[in-house]
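Listed here are the chains, written in short residue letters.
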Amino acid sequence: MNRTTVSLIAGTAALAAVTGFATLSSPEAAGTARTAAELPVERTSLLCPSPSTSDIAETSYTSFTPVTKDAGSGGKAELQAAAEESDGKSKSKSKGEGKGKGKKAGKPVLEPREPGKPATGDTSGGDAPALVGTAEGKFAPGWTVQETTEVAAGSGRGLQGVNCSAPDTEFWFPGASTAADRTDYVHLTNPDDSAAVVDIELYGKDGALDSTLGEGITVAPHSSDPILLSTLTEEKQENLTVHVNVRSGRVGAAVQALDDKLGGDWLAASTDPSGSLVLPGIPKDATAVRLVAFAPGESDADLKVQLASPSGLITPAGNETLHVKAGMTASADLGDVTRGEAGSLVLTPTDTSVPVVAALRVVRGKGDDQETAFIPATRPVAARATVADNSAKGTTLSLTAPTRGATVKVTASAGSEGGEAVSKTFTLKAGTTQNVEAPTPTGLKGTYALTVEHVSGGPVYGARTLAATEDGVPGFTIQTLPDDRGMVAVPDADEDLSVLQK
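Each value, and the rule that gives it
Residues numbered from 1 in each chain as written. Predicted model: local features only at pLDDT ≥ 70, side-chain atom pairs only at ≥ 80, totals over all residues. Heavy atoms only, no water. Helix = DSSP H or I, 4+ residues; strand = E, 2+ residues; numbered from the N terminus. Buried < 20%, exposed > 50% of the residue type's maximum accessible area, 1.4 Å probe, protein only. Contact = heavy atoms within 4.5 Å. Areas by Shrake-Rupley, 256 points an atom, 1.4 Å probe, with all protein chains shown as cover. Salt bridge = Lys/Arg side-chain N within 4 Å of Asp/Glu carboxyl O. Pairing = 2+ DSSP bridges. Axes fitted to C-alpha atoms, helices over the stretch in contact; angles between N-to-C directions.

1. With respect to the overall build of the protein chain
Helix and strand content of the protein chain: 3 helices and 37 strands. Counting all 502 residues of the protein chain, 53% fall into the buried class. Counted over contacts in the protein chain with a minimum sequence separation of 6, partners at least 24 positions apart contribute 80%. Here the protein chain displays about 21000 Å² of accessible surface, and carbon together with sulfur accounts for 47% of that area.

Encoded structure:
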């Protein structure tokens, strides 16, 4: 690499540190640049989809930023309603507007006061809008927002949760459906001042579904559109892969999957296509687990299917491998694969590595008392990951080290209404999954956040389950813990200045 190239990279990295739009340098990658220093990002944004159309839905939002060294002392974070609907009508309702809570239009749903302590807000009813969030300065590195909705009855009843996500230009959602008992929406939220143009492609067991209605969808500035998948095609398919491709602009995207009998939840996007994938945190009492995978390239994929259990990697009987034809969605019903123990699914190529995306549909309960959640393939915790809205009861933290042993530090933050942070260190054996006894804040009042930091060893993947059983129905939701990308690698200034001196 010549010095001119080094200078260009240094300039790009420095800009990334200011804007917050950059890819995190993992501990392994950071070691490849002798002069690189990691600095906290200074600005980030998150988008929360409109939570529910049910009049009896209750939604809470929890914001949290971990304390980050060298993050500075200034800045702020806030979460506000999208400014307008896609039809151009004003929609700047804030928390509680129209529900008699006396909140003025434009007031943020929540405004965190300090890093290290969760901030909460809530809405009620079926008219809650999508939210756009921004964080700057000390609030930006590792900022996370959890949206949790309780729906007491009707299609999709139960507990629905999603981590509000950063805007992007491409998303993959294996595990969606247009079956008769499913009502699935892909929510598209545009945070910017100009319109975004989006294509939605659907892939079933035989390939792409015929549809032109998903092409060139315009999402107006500062707005959100829920697109009902069954309006894009007449085909009824139980297992679909949804591909959201943004032609211009950027959006946040998530799929809301509502089942008439099995409750519902949010399906977050799978991590980028890869030859090997990890899907962490299958509940130990899962009664039905379905794997859905898709190969977006031109080559078929043959995957080895393994379960990382507390005692090591095992192969599910009858589901040792999965063949995924190029451009087609494949699925496998794994039953009660965890059999009462913590577990995570590990997918690796049997021969040639072919990029795939994947997700799990997980069911708990039996008969009429069943509920559904989803686990997409996710990134590892390269340095740090956080999940918010934990409670003293009903929270399960699952960690897996699929290839090598690893050590992690888990910190329970102060509570949103009181309490002091507590940390604990865990060692994970290679090929295993543990539902760890995560710490809870001393003197906890309210909700708290859990932050996982990679200390040493191989890659670690994580997921958090929230459970709340009401009237005998085991409501639950699962969120994965991908790295928070709160730090960016910036080459030393002396290296860049040497180029200018030449």
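2. Details of the pattern of salt bridges
Applying the stated criterion across every chain yields a total of 9 salt bridges. Residue R43 pairs with E136 through a salt bridge whose shortest N-O separation is 3.6 Å. Residue R43 is located in strand β2 (residues 43-48), and its partner E136 is located in strand β6 (residues 131-136); the two are separated by 93 residues in the primary sequence. Residue classification places R43 among the partly exposed residues on the basis of a relative accessible area of 33%. Owing to a relative accessible area of 32%, E136 belongs among the partly exposed residues under this scheme. R290 serves as the salt-bridge partner of E238, at 3.0 Å between the closest nitrogen and oxygen. In this pair, E238 sits in the loop between β14 (223-228) and β15 (240-248) while R290 sits in strand β19 (residues 286-294), placing the two residues 52 residues apart along the sequence. E238 sits in the partly exposed class, given a relative accessible area of 45%.

3. Here's the deal with the sheet that holds strand β17 (residues 263-267)
Either a parallel or an antiparallel arrangement is found when strands of a sheet pair, and the pairing is made through backbone hydrogen bonds. In space, the 4 strands of this open sheet follow the order β14-β10-β16-β17, with antiparallel pairing throughout. With one partner strand each, in any of the chains shown, β14 and β17 form the two edges of the open sheet. Taken pair by pair, the neighbouring strands of this sheet meet at an average axis angle of 20 degrees, ignoring direction. For strand β10 (residues 182-190) and β14, the ladder comprises 6 bridges, and the chain directions are antiparallel.

Take it as geometry only, folks, not as evidence of what the structure does.
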